[in-house]
Structure formats: structure tokens, C-alpha cells
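# Coordinates in review
Chain by chain, the residues:
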Amino acid sequence: MVDIRVENLRKSFDQFTAVQGSNFRIPDGTFFAMLGPSGCGKTTTLRMIAGLELPTEGRILLDGEDVTFHRAAARDIAFVFQLFALYPHMNVAQNIGFPLKCASMSRREIRERVAETARLLRIEHLLSSRTSKLSGGDRQRVALGRAIVRRPKAFLMDEPLGALDAEFRHLMCSELRDLHDRINATTIYVTHDQIEAMSMADTIAIMNRGRIEQIGSPQEIYDRPASLFVADFIGSPPMNFLKFDAGLKSGDQAIDFHATRIAVPEIHEARATGPLVLGVRPEHIGFAEDAPVRGRVFGAEYLGTTQIVTVDTPYGRVAARLPSHLKVAIGEAVGLNFRCERLALFDAVSGAAIRTASFGATAHD
Amino acid sequence: MSAIAKSNAHSIVEASPRAKAIAGTIVILYAVISILPLLWIVATAFKSQSDAIAYPPKVFFQPTLEGYVNLFTMRTRQTPDFIAKLPPPTTWYDKLVRQHDMVIAGPSKVVPRFINSLIIGFGSTFLAVFLGTLAAYAFSRFRIPLADDLLFFILSTRMMPPVAVAIPIYLMYRQLNLTDTRLGMILLYTAVNVSLAVWLLKGFIDEIPREYEEAALVDGYTRLQALRKVVLPQAVTGIAATAIFCLIFSWNEYAFAVLLTSGEAQTMPPFIPFIIGEGGQDWPAVAAATTLFVMPIVLFTVLLRKHLLRGITFGAVRK
């Protein structure tokens, strides 16, 4: 039950800057995911919010109170670690009750709270087991139990599903979201797995090399990536990038793409001639005989309801997601038709998205 | 495992019967070679003076408790007439002594020496492990300026035999009035052991994931509480192994004990070789003292052996 604000947060280790000036606000009750490749600074940011790491610069505010230099214990935040960090010398009940023991609660009260938490997580039958005997999913539930038993202001989770196998991960994803909705505490969830972030979060922050590239809802992130990095990182297979050189005028409805013209959403930004990138999601590509962009089929991956067809074009290899009933022969010459209202344009040098009718959002707002 | 799998002789996980037999023989042979001198000492403690120095050595002999009685008592030789005039002996050991025309004059110094050994050995072990744990934790968890240099410096105190600094320490102790005091010996052995303790324990604590403490810190504990409730219970194996190594050193230490103690604080090692009987070394008494002397270490090791075994192989396998 807390509103978290991070202002100009920076963290340097000797030569290396892990986080370079992050700014964001997480409203009360939000499920906030920080997503990025390993080493992008997401875990460091989380550890600073938890108080396990001191920032080099910047401020952290919980409900408006500056806690930047408060001890971790004084912040009333729970942290769930990737490797669970269950104490091996205690059983499940002792593990869950451990945070309460510190608050000098009576034994009866602790027992009641532990039982209540176990009921919530459906692990009542495990209370007297040793933690080393548990399966990965159950360990994760115990770790969650230890976090929620104290009823903290916020939950911070550092890749909590990273150590689980794929099957469990899927199950825990929905359980986590369900738990969040029931206790309705602010949650920050760090992951490098886009599916986890997309499926659970209300808001996602994409981080790269210590910088936040974009903050938005999963739909915004997917449909209106603010930069080439975000467009490339989200989606599988990722967005296709086609390079070209052209100038742009505000109000244009089409671009000069090499020798042809391609319709795009109305451009809201004027540009001198320079290197640009046309971004097309695989699912926004269709085959058409009279299409201006042509190529030869390189391969096809059958995925059940759809197939991913890769096509070699003069501008690079393009992946298209097509219905699987479509017959495709390798080596066949095809024309590629783009859904014009879903195309994205990027500056090839800065990587930033160019403002158009559908990509109005700019980074960091 | 099925019979077929077993008969498929060449397994990479299970040794062949012949290899097992060879390994077993080597281990047994080694055990016999190591234990034989100890058994000889234990046996000698039950021999009479003449059996102990008999040549060729006697394997079978009439056991007697003379060695133990001599160890614990001081005796004076008397004329047979004098002994005849005494009231009859009240205890079995009085009787045993009188057979040799002697009477017990009082207790020997073995008990106070043994107590010294216990206090100094366990005291210095406790201190070394206590200080070592704190230092190792700090080295393992905090960014300490020049940590590597400090660790090397700590280790360098072990690079020469401690006796090499015997003379400076003797002079220092004389100035500080620490010669022949238990405190002095405890401090000395602690100083020698603490470097070993820091290095051993740092390895163990490095192996304990930080997340455990961090979880405790986030959950409202102070660092000291986290250390006590989360780190130490998991380091218990390492602490036990370290304690045994420290205890063995301070328990057996001889050179400093000879140099710095003579009365008050004398430990067993310098005491045992000077158990003199009539006409020279009283071998059965020496053997009896040695037997008693090794007991506490054996007991300590047996009690902690579960930890010791795990401790020695700790960290070899990534979990």
C-alpha cells in the first residue's frame, strides 16, 4: 500500500555505471515490471529501492517520504530472491514466521499469521517440512509466504520464477498475479523474460545499459515501442527492421522506401534526409503478388496455428507470421504487403521512434 | 538396480570389487600404522616399570595400575620397618605403592597441569574462532580498503614457525608480566590461531549466499542479528572444523609452553616428558599421562566429526 517514486537514481561501481539516472513513479497497488537483458541495471535499481544497496545519486521516496538512506529494515518492504533464500536450518513454518519473530510478536500470534499465510498460498500441508525437501514451486511459495506474512508496504521480486522450470513458471505467473490482486500491494517485479512481464504487469519499464528506454502498459510497449531497442527486445520473433534513407515531412502519409513508396501512418515530425529504419512486426506482413517489396522464401517454421516464414529481400531477411494453412515453397518468389497503419519508423542513428499518428508517444513520459 | 545393470561391470560411478578391495586394504593398513603407536602407549600405561623397558618388548604382560598411580601421586621411599609399623593401607593404591616400599606423600601436579591445558587450549580456541568469525565475515561481506593486502598480512604471520619469534615474545612477555600466566598463553595461542581461523572461515562464509542475510535485513533484522540467526547456523560446519584445527594446535603446542611456562600456567606438553620416577623416566606414568592427554582431543573430534567431514569437503561441490 505505497506509492514509490524514484528520482534521478544513479549507481556506479568503481568504473562501471549500473544505473544512470532513472526516474519513475509507481502508483499504489500497481504491478510494475522491470524488464531488460541481464546487466541492464534492473536488479541494482530494485536493490536500491529495498535498501540493500546505497545509490550514488538520487532519491527514493515511499509515500512521499525520502528513504534513500534508511536501513532496509526500516522501509517495511519485502524482497523475494531469485534463489528463494530460504533458511536451510529452519522448517517451512519457521521460515515464514522469521520476519515476525523480529517484530517481537507473541508465539501464538506468529502461529496464527503463519497459518493464515499458508492457507493463502495453499501450502498448509508443508508447514513442518524441511525446506530442502520441497519442489521449486513450493520453495517459491514459501519465499512468497515469508514476504507477505509481514503485510509489508510493497513487494520487490528479483526474477522470482527464474529458477523454476517452464511448466511451473507458467503456473506461478498466474498465481502471482492472483496474489497481487488479492492483497493489492505495490509490487515491483524484475525479470528478463518478456512473457512474464507482459502477462503479469500493469506497467512495464524496459531497461537497457542502465537507462530506462520506455515505461508503459504491455500494450503500449508492444504496439508503440519508443526505441529500436524496445522494438527489438519485445516480441518473438522480434520486429523486422528495414533500413532506408529518406527525408520526412510532417503530414506525409507515405515514405520513399528505396525505389518505391510505402504507405505509413501520418508523420508528425519533419526530418532532413538521413538513415531511417522501417519497423514491421511479423504479424503485420502478408503475401501479395503486386507488393512493392519482393523476395524469396528462405525457410518456414511451423508453429501450429501460425507459421513463421523468413523471406530474403534486398533489404535484409524478413520474418512474417502467416496462417499455417498457407502453402509456402522454399525458394518461391513472393511479394510482401505491410499493414500500413501498424508500421513504425525509427531514427537509425539515435534509435528513437519517429512520431506518427499511431506512434505519438515519446520516450520517458 | 537390476541384476543386468550390475553385471555390466564397467560403471563410471561404481568402483569394481577389486578396486574396492585394494582401497579397503590401503585404508586398513594406514589405520593400523597410525593407531599402533597409540595402542602401544595405551598398553605401556598398564605395564610395570620393568615390563615397560624390557627387551625384547613385551606384547603380553601382567597389567597393573602402577603407571596411573605414579602419575597422580608423589611418593617417598621408606624402610620396610617403617612401613610395617604403619596402620594397614586403607585404599588399593596405598597398597600398590607400599609393595614397592614407598608411601604416598601427596598428589602430583598432573591435575593442575591438565586444568591449565584445558583452560588455555579451549580458551584460546574459543577466542580465535570468535575473532576469526567476525573478521572473516567482515572480509567476506564488506568492501574493505586493501582487503587483499590485509588478508595477506594476516596469513604472513603463519609463514614462519611461530617459535622463530620466541625470543622477542619472551622479552615482551617479561615486560608485561605475562610469562607463566594462563592469560599470556591464551593470548599467544589466539594470536597464532586467529590467522588460520580467518582464512578458513572466510572460505566457508564466502560460500553462504548473501541473499540469506539480505532477506533477514529486509525483514527487519539488524546486521548483527542476521549474522547470529542466519549466517552462523549455516557456518556451523566451518566453525567446527576451524575449532578443531585451532584446538589441536594450542593443545599440542610445546616450544612456547616450555619457554614461557614453568609453574603456575604450565600445560601438559612440557610437563609429561619430565615425569621422573626412581632412577630415570617413569615410562608407564608418562604413557598414562599421554593417554589422558589425547583423550579430550579425541572426544572433541568424535563429537564434531560429522561437521568436520562435511567441513573439509565443503565448497567442493557447487550446490
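Residues numbered from 1 in each chain as written. Chains lettered and ligands numbered in written order. Predicted model: local features only at pLDDT ≥ 70, side-chain atom pairs only at ≥ 80, totals over all residues.

Next up on the list: the overall build of chain A. Secondary structure assignment for chain A yields eight helices and 20 strands. Seen along its three principal axes, the alpha-carbon backbone of chain A occupies a region of about 80 × 45 × 35 Å. Looking at chain A as a whole, 41% of its 365 residues qualify as buried. Of all intrachain contacts in chain A linking residues separated by at least 6 positions in sequence, the fraction that spans at least 24 positions is 64%. (Helix = DSSP H or I, 4+ residues; strand = E, 2+ residues; numbered from the N terminus. Buried ≥ 20, exposed ≤ 12 C-beta atoms within 10 Å, placed from the backbone. Contact = placed C-beta atoms within 7 Å.)

This part is about the overall build of chain B. Helix and strand counts for chain B stand at 16 helices and four strands. Computed over its C-alpha atoms, the radius of gyration of chain B comes to 26 Å, more than 25% above the 20 Å expected for a compact globule of 319 residues. Taken along the three principal axes of its C-alpha coordinates, chain B extends 85 × 70 × 40 Å. Counting over 319 residues, chain B shows a buried share of 33%. Of the contacts made within chain B by residues no fewer than 6 positions apart, 76% connect residues no fewer than 24 positions apart. (Rg over C-alpha atoms; globule rule 2.2 N^0.38 Å.)

Once that is clear, we can look at the sheet that holds strand β16 (residues 293–302) of chain A. Residues and elements named next belong to chain A. The five strands lie next to each other as β15-β19-β16-β17-β18, forming an open sheet whose pairing is antiparallel. Taken across any chain shown, the strands that pair with only one partner, and hence form the sheet edges, are β15 (285–287) and β18 (316–323). Taken over all neighbouring pairs, the strand axes of this sheet differ in orientation by 45 degrees on average, direction set aside. (Pairing = 2+ DSSP bridges. Axes fitted to C-alpha atoms, helices over the stretch in contact; angles between N-to-C directions.)

Turning next to the sheet that holds strand β10 (residues 211–216) of chain A. Within a sheet, adjacent strands bond to each other through the backbone by hydrogen bonds, running parallel or antiparallel. Residues and elements named next belong to chain A. On the basis of which strands lie adjacent, the open sheet formed by six strands has the order β6-β7-β8-β3-β9-β10 and mixed pairing. Edge positions in the open sheet fall to β6 (77–80) and β10, since each of these has one partner strand only. Within the sheet, the average angular offset between the axes of one strand and its neighbour, ignoring direction, is 15 degrees.

The next thing to look at is the nonpolar core. Counting 147 residues, the largest nonpolar core has L156 and I188 of chain A as the members making the most contacts within it. If one sorts the elements of this core by residue count, helix α10 (residues 182–207) of chain B sits on top with 13 residues. With near-sequence residues (within four places) excluded, I188 of chain A lies in contact with I26, F32, M34, L46, I49, A154 and L156 of chain A. A45, M268, I275 and F293 of chain B belong to the second largest nonpolar core, which has 18 residues in total. (Core = buried A, V, L, I, M, F, W, Y, C linked by C-beta atoms within 7 Å.)

Okay, the domain arrangement of chain B next. Residues and elements named next belong to chain B. Here the domain parsing of chain B yields domain 1 (49–108) and domain 2 (111–313). Just the C-alpha atoms count here: the centres of domain 1 and domain 2 sit 39 Å apart. On the domain 2 side, the residues contacting the nine residues of domain 1 number 10 residues. Elements with a minimum of two residues in the side of domain 1 that touches domain 2: α3 (49–52) and α4 (66–72). Take the side of domain 1 that touches domain 2: its biggest share by element is five residues, from α4. (Domains from an automatic or database assignment.)

The next subject is the interface of chain B and chain A. The interface is formed by 14 residues belonging to chain B together with 18 residues belonging to chain A. Contributing elements (two or more residues each) for the side of chain B that touches chain A: α11 (210–218) and α12 (223–252) of chain B. Of all the elements, α11 of chain B adds the most residues to the side of chain B that touches chain A, at six residues. A breakdown of the residues in the side of chain B that touches chain A according to their chemical character gives eight nonpolar, three polar and three charged. (Nonpolar A, V, L, I, M, F, W, Y, C, P; charged D, E, K, R; others polar.)

Moving on, we get to the confidence of the model for chain B. One rule of thumb: low pLDDT means the predicted coordinates there are not for detailed reading. Residue and element names in this part refer to chain B. Predicted confidence across chain B gives a mean pLDDT of 87, with 93% of residues reaching 70 or more. Summarising per-element confidence for chain B, the mean pLDDT is lowest in helix α1 (residues 3–7) (49) and highest in helix α7 (residues 110–141) (95). Confidence over residues 1–5 falls short of pLDDT 50; this stretch has one contact with residues more than four positions distant or in other chains. Across the assembled chains, the prediction reports ipTM 0.78 with pTM 0.78. (pLDDT = per-residue confidence, 0-100.)

It is worth spelling out the packing of helix α3 (residues 107–121) of chain A against helix α4 (residues 136–148) of chain A at this point. Residue and element names in this part refer to chain A. It is at 10 Å that the axes of α3 and α4 come closest, and there the two elements cross at 135 degrees. Comparing their axes, α4 and α3 come out oblique. Note on packing geometry: the crossing formed by α3 with α4 is right-handed. On α4, the residues touching T117, A118 and L121 of α3 are R141, L144, G145 and I148. Of the residues assigned to the contact of α3 with α4, the class counts are four nonpolar, two polar and one charged. (Parallel < 35°, antiparallel > 145°, perpendicular 65-115°, else oblique. Left-handed = near helix turned anticlockwise from the far one by under 90°.)

Working note: regular strand, side chains alternate between the two faces of the sheet. All names here are of chain A. Burial within strand β3 (residues 31–35) is extensive, with five of its five residues counted as buried. Here β3 shows no split at all, with F31, A33 and L35 on one side and F32 and M34 on the other all buried. Here β3 pairs with strand β8 (residues 186–191) via five bridges, running parallel. Bridge pairing links L35 to T191 in β8. As paired elements, β3 and strand β9 (residues 203–208) share four bridges and run parallel to each other. Looking at the pairing, L35 lines up with I206 of β9.

Where interface size is given, it is often the accessible area lost as the parts come together that is meant. We note that the domain assignment places domain 1 (4–223) and domain 2 (232–347) within chain A. Its C-alpha centre places domain 1 of chain A at a distance of 39 Å from the equivalent point of domain 2 of chain A.

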